[in-house]
Amino acid sequence: MIHYSKETFLEYYRNYTRRIDGRKADQYREIAIKHDVIKTAEGSAIARLGDTLVVAGIKIEYGDLFEDNKGNFIVNIDLSPIAHESFVSGPPDERGIELSRIVDRGFRSAEVLNLGKLALEAKKGYTVFLDMYVIDYDGNAVDASYLAGMAALSNIRIPKIENDKLNRNEFVQDNFLQNHVISSTFAKIDDIIILDPTHMESELADVLVSIAVDRDDNIVGIQKMGNGGLNRDELDEMIEIALKNRPKILNRILGEKDVKDK
Amino acid sequence: MRVILPGDMENIYNLHLEGIDAAIETVYIPKPRDVVIGKIIAEKKNVAYIVDISSFYAMSIMIRGLEMRLNIGDYVMGVVSQTGETLENVRLLRNGVIYRVPESKVGRIVGSKGEMLKLIEKLSNSKLEVGRNGIIWIGRGDFSRAIDIINTIVKRAHIRGLTDYIMKNFGDAK
Amino acid sequence: MRSDGRQKDELRNIKLEVGILRNAKGSAYIEWGMNKILVGVYGPEEAPPAIENLERAIIKVEYRMATFCSLEEHGKYVPNRRAVEISKVLREALSNLILVDRYPGGLIEVQILVLQAEGGTRVASFVAAVAALIDAGIALRDIGYGISAGKVNNEIVLDLSKEEDNLGQGDIPICITRKGDILLLQLDGKISYEELQSAIEMVRSKREFFENLIRDAFTRRYSKELSNDLVRHI
C-alpha cells in the first residue's frame, strides 16, 4: 500500500521529472506474458503489468447465434476479491462492467476474431466466451486485460462439431485471428499526462483515458473516465504516444508466443 | 536456511527461520509504547477519532485535550497507550509518502540502534518515520529512491550482508 | 492398478509456491495433478460491527471456480451450490486451525480461485490456504493438509482422479492436522466402517510428505531474494 497527495506527486515530478515509483511520464511498468497456461480452456494467457495480474481463458460453446452469420463473442472481466482489499464478491459493480465493455468493444471493433467464420449456418455457430480474472491489482486493469485477452485470443482453439455437438478433443485447422489490439491508458494529474497509472496515480487523476489501436494504426477504442476535462492537445498527445507504443507492445505479445508452458 | 513451521515445536505458531528468534511472518498486535502510523477513518463526534493501523482492531484518539483538528483521510503518528486502545502524543503527518511494509520487516528497516534507518535517509536524502505496525512515512526527499531501498531491504531482510548490498547498489551519489 | 497407473497410496504430482501475489497479505499457488488453484489471504483486519465477535476472529472463506476451469462447458458466473458448500466446510476446517483467540474482533478472509480443475479441488485448496495463511503471518496451531481418499474397484485409494471420482464407489475428502485432528471429513458414496478407518490411516501416512511440501515452498522462498512471479510458475 502506498499513499500520497496530489501536491506531493506534482512537487516530486517538478523536481525530478519522475513519478513516485521512479518512472518517466510515458513509461510502462514491466510486462510479462505467458500463453496457453490453462489447459481446460480453449485458449488462455496470463499477463502482468507491474503488479497488476490478469488471467484470461476462452471457452467455446455451440448453439444459437444472436446475429445471423456472426459467431457470438462475449467478454467478461472479473475484479476478483483476491486482487485487492477493496474488491468484493458479488455481481459486477460499475467498474467491472465498464472494464468488460471497454475491452469487448476494442476486440470487436478491430475484428480481432473473424466472427463470420464462427457462424456455421445463418443461425447456428460458435460462442466465444473470453473471461478474465484480475487476480492482483495496482491500477490499469484495462491495459493488463487487453494484454491477457489478446494473448489468449492468439492461441484460441475452436473445437470441431460432430453430430451437432462440440468435440473438445479435436480442433478446426484454420486461422480465426485477423488483427491485434494494443491499449494505452493515460492519467492526467493537473497538467501532467502519465502512461500506465498505478492504483494511487489513478486515484489522484482528474481524467483517465484508454486508447486502443490495432495493427494498422486504426483507433479501435476510446474511453474517457473521471470527472475532469481534457483539451484537444492533451488528447492528441495521448493518441500519439498510443500509436508510438503499438509496434513495441505488439512485439512483446507476439514474441511471447514461443514461451510455452513448462 | 531451514524454516520452522507452525506446530514444529511447542509454542511455535508462526513461520520462523532457524536461528532467528523473531517470526519471519507475523501479524502486528498493538502493544503499549509502540509508535504506530495510521489513517483516520471515522470520528465519534466530540469524543474520539478512529484510526486504522492495519491491525484487527482500530485505535482511538481522544478528542478532549487534543490540540489539533483532524480529518478523515489524515495520516497520524502516535504512541500506543497503556490500555492498548488509544493513541497519545499524536502528530499529523502532512505531505510526504505513506508506504506499507510487512510488519515483520520493520526491525530490519530500522536496524539495531537505528543505523539502517539513518542509512536509508542518507542515501535518499529523506526523512523517515517508521511505525511498528509496518507503516512508514517518508517526509521529504527522493521518494522513489527511498522506496527502492526499502523494497530491497524487505526482499533481502533474511539474507546476510544486507548493509553492504545496500551500499553497493544505492551508495553512489545521485 | 488404477486407470492412470498409480499405486493405491500414490498421489498425483503436486507443486506449491507461496508469496505470489502483491496485494494479498499472504498467498499461495498449488498445482495438483491438473488442478491449478490460487489462494489469497487478507487480514486480520477489523471486522464490521454486524459480524464481529469480540472474543475471536471471524474467518471468511470464498471458494470460486473460474468459468474456464473445467474441461467441459463454460461455467456460470454465479457460485453454484457445490461452491457454497465447499466454502462452508473449508471455513470450518480453517477456523479450527487458526488461533482465532489471538485476533479478537478481527476478520480473516481467504479467497480461493480455481483456475483449472481435475478432481480434489477442495483438499488442494485447503493445502494452498494453509500455506497462504502461514505466508500472511497468521498464527496456526499446527500445519494441516488434505487428501481425497476414495473407494475404487472395492479398495481404498488416495487422491482420486476425476475419472475415479466419477466412476468410483466413494469419495472421501479428508483434511487433517499433522498431529491427527480431523478438520474436514465428508463422504459421497457407500463404504464400510473398516474402509473409513483405512482411508483415514492412509491419509495420516502422508503427513511427512505434506510437511515437506510446505516446508520446501517456504525454504525456496527464503533461500533467495523475496519475489515470486506467478507468470513464471503457472
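Not measured: the values here are computed from a predicted model. (Residues numbered from 1 in each chain as written. Chains lettered and ligands numbered in written order. Predicted model: local features only at pLDDT ≥ 70, side-chain atom pairs only at ≥ 80, totals over all residues. Heavy atoms only, no water.)

Engineer: Residues and numbers for the overall build of chain B, please.
Structural biologist: Counting its regular elements, chain B contains four helices and ten strands. Going residue by residue from the N terminus, the α and β elements of chain B occur as β-β-β-β-β-β-β-β-α-α-β-β-α-α. With respect to the three principal axes, the spread of C-alpha positions in chain B is 50 × 50 × 25 Å. Residue burial in chain B is summarised as follows: out of 174 residues, 54% are buried. For chain B, contacts bridging at least 24 residues in sequence account for 50% of all contacts bridging at least 6. Side chains of chain B give 25 positive and 20 negative charges; the mean places of these two sets differ by 4 Å. (Helix = DSSP H or I, 4+ residues; strand = E, 2+ residues; numbered from the N terminus. Buried < 20%, exposed > 50% of the residue type's maximum accessible area, 1.4 Å probe, protein only. Contact = heavy atoms within 4.5 Å. Lys, Arg positive; Asp, Glu negative; His and termini not counted. Charge placed at Lys NZ, Arg CZ, Asp CG, Glu CD.)

Engineer: So what's going on with the pattern of salt bridges? Which residues, and what values?
Structural biologist: Taken as a whole and judged by the stated rule, the model has 50 salt bridges over all chains. Across the pair Glu201 of chain A and Arg23 of chain A runs a salt bridge, and its minimum N-O distance is 3.7 Å. Taken together, the residues span a long stretch of sequence, with Glu201 of chain A in helix α4 (residues 199-204) and Arg23 of chain A in the loop between α1 (6-16) and β2 (31-35) at a distance of 178 residues. For Glu201 of chain A, a relative accessible area of 1% puts it in the buried group. Salt-bridge contacts for Arg12 of chain C lead to Glu118 of chain C; the nearest nitrogen and oxygen are separated by 3.0 Å. Here Arg12 of chain C, found in the segment before β1 (14-18), pairs with Glu118 of chain C, found in the loop between β5 (106-116) and α2 (121-135); they are 106 residues apart in sequence, far enough to count as distant. Assessed through its relative accessible area of 18%, Glu118 of chain C is described here as buried. Among the charged side chains, a network of salt bridges with common partners joins Arg19, Asp21, Arg23, Arg29, Asp138, Asp196 and Glu201 of chain A. (Salt bridge = Lys/Arg side-chain N within 4 Å of Asp/Glu carboxyl O.)

Engineer: Run through the sheet that holds strand β10 (residues 192-195) of chain A, naming residues and quoting values.
Structural biologist: Residue and element names in this part refer to chain A. Strand order in the open sheet made by the four strands is β10-β9-β11-β12, with antiparallel pairing throughout. The outermost strands of the open sheet, each flanked by one partner alone, are β10 and β12 (219-225). Each adjacent strand pair in this sheet contributes to an overall mean axis angle of 20°, direction not counted. Contacts from α1 reach β9 (181-189) and β10 within the one sheet, and its direction differs from that of β10 by about 90°. (Pairing = 2+ DSSP bridges. Axes fitted to C-alpha atoms, helices over the stretch in contact; angles between N-to-C directions.)

Engineer: Give a description of the interface of chain C and chain A that names residues and reports values.
Structural biologist: Contacts between the two partners involve 34 residues from chain C and, on the opposite side, 35 residues from chain A. A per-residue breakdown of the area chain C buries against chain A is headed by Phe68, Val231 and Ile234 of chain C, which together make up 23% of the total. Here Arg48 of chain A and Asp229 of chain C are joined by a salt bridge, their closest N and O atoms 2.9 Å apart. Between chain C and chain A we count 25 residue pairs in polar contact (both at pLDDT 80 or more) in total. Elements with a contribution of two residues or more to the side of chain C that touches chain A: β3 (35-46), β4 (58-65), β5 and α6 (230-233) of chain C. Taken together, the residues of the side of chain C that touches chain A sort by class into 18 nonpolar, seven polar and nine charged. (Buried area = accessible area lost by both parts, 1.4 Å probe. Polar contact = N/O pair within 3.5 Å; in protein donor to acceptor, adjacent residues only side chain to side chain. Nonpolar A, V, L, I, M, F, W, Y, C, P; charged D, E, K, R; others polar.)

Engineer: Please set out the interface of chain B and chain C residue by residue, giving values where relevant.
Structural biologist: Of the residues lining the interface, 30 residues belong to chain B; the matching set on chain C comes to 33 residues. For the chain B face of the interface with chain C, the top three residues by lost area are Leu5, Tyr13 and Phe56 of chain B, together amounting to 25%. At the boundary of chain B and chain C, one finds three salt bridges. The salt bridge involving Arg215 of chain C is made with Asp8 of chain B; its shortest N-O contact spans 2.8 Å.

Engineer: So, the nonpolar core: which residues are in play, and what are the values?
Structural biologist: Formed by 103 residues in total, the largest nonpolar core has its most connected members in Phe107, Leu113, Leu130, Met132 and Leu153 of chain A together with Ile150 of chain B. For Ile150 of chain B, the contacting residues outside a window of four places in its chain are Tyr99, Val101, Ile109, Ile120, Leu128, Ile136 and Ile138 of chain B. The next biggest cluster of nonpolar side chains, apart from the first, holds 99 residues, and it includes Ile135 of chain A together with Ile98, Ala131 and Ile174 of chain C. (Core = buried A, V, L, I, M, F, W, Y, C linked by side-chain atoms within 4.5 Å.)

Engineer: Now, about the packing of aromatic side chains: what can you tell me, with residues and values included?
Structural biologist: Counted by the stated rule, this structure contains twelve aromatic pairs over all chains. On the numbers, 5.4 Å between centres and 40° between planes, the contact of Tyr12 of chain A with Phe143 of chain B is tilted. Here Phe143 of chain B lies in helix α3 (residues 143-156) and Tyr12 of chain A lies in helix α1, a pairing that spans two chains. A residue is classified by how much of its surface remains accessible, and Tyr12 of chain A, at 3% relative accessible area, is buried. Here Tyr145 of chain C and Phe210 of chain C contribute two aromatic rings whose centre-to-centre distance is 4.9 Å and whose plane-to-plane angle is 10°, an arrangement assigned as stacked. In this pair, Tyr145 of chain C is assigned in strand β6 (residues 144-152) and Phe210 of chain C in helix α5 (residues 207-222), connecting sequence segments 65 residues apart. Summarising the burial analysis for this pair, Tyr145 of chain C and Phe210 of chain C share the class buried. Through successive ring pairs, a cluster of aromatic residues spans Trp32, Tyr145, Phe209 and Phe210 of chain C. The residue whose ring lies beneath Arg157 of chain A is Phe171 of chain A, and the NZ or CZ to ring-centre distance is 5.8 Å. (Phe/Tyr/Trp six-rings, centres within 6.5 Å; stacked < 30°, edge-to-face > 60°. Lys NZ or Arg CZ within 6 Å of the ring centre and 35° of its normal.)

Engineer: Which residues make up helix α4 (residues 193-204) of chain C, and what values do they have?
Structural biologist: Residues and elements named next belong to chain C. Between its terminal C-alpha atoms α4 stretches 17 Å, which fits the 16 Å expected from twelve residues at 1.5 Å a residue. Among all positions in α4, only Glu195, Ala199, Ile200, Met202 and Val203 are buried. The buried residues of α4 occupy an angular sector of 160° when the element is viewed end-on, so they sit on one face. Of the residues in α4, the exposed ones pointing more than 90 degrees away from the buried face are Tyr193, Glu194 and Glu201. (Expected span 1.5 Å × (residues − 1). Arc of directions from axis to C-beta.)

Engineer: Give me the pairing of β2 of chain A: which residues, what numbers.
Structural biologist: Residue and element names in this part refer to chain A. Counting buried positions along β2 yields five of five residues, so the element is predominantly enclosed. Of the two faces of β2, the one lined by Ile31, Ile33 and His35 and the one lined by Ala32 and Lys34 are each fully buried. Here five bridges tie β2 to strand β3 (residues 44-49), and the two strands are oriented antiparallel to one another. Residue pairing for β3: His35 is matched across the bridge by Ala45.

Engineer: Quick rundown of the side chain of Asp159 of chain C? Include the residues and the values.
Structural biologist: Residues and elements named next belong to chain C. Tracing the sequence through the fold places Asp159 in the loop between β7 (155-158) and α3 (162-167). Note on Asp159: relative accessible area 1%, which makes it buried. Among the polar contacts listed, one links the side chain of Asp159 to the side chain of Trp32, at a separation of 2.9 Å. The contact partners of Asp159, leaving out residues within four places of it in the chain, are Arg2, Arg6, Glu10, Leu11, Arg12, Trp32, Ile147, Ser148, Ala149 and Glu164.

Engineer: Help me get a handle on the pairing of β4 of chain C, residues and values and all.
Structural biologist: All names here are of chain C. As paired strands, β4 and β5 are joined by eight bridges and run parallel to one another. Of the residues in β5, the one forming a bridge with Val61 is Val110. As for the winding sense of the linkage, the β-α-β connection from β4 through helix α1 (residues 81-97) to β5 is left-handed. (Right-handed = clockwise from strand over helix to strand, strands pointing away.)

Engineer: I'd like a rundown of the state of the cysteines, residues and numbers included.
Structural biologist: All names here are of chain C. As enumerated under the stated definition, the model contains zero disulfides over all chains in all. Cys69 forms no disulfide, and the closest cysteine sulfur to it belongs to Cys175, at a distance of 18 Å. Looking at Cys175, the relative accessible area reads 0%, which means it is buried. (Disulfide = S-S within 2.5 Å.)

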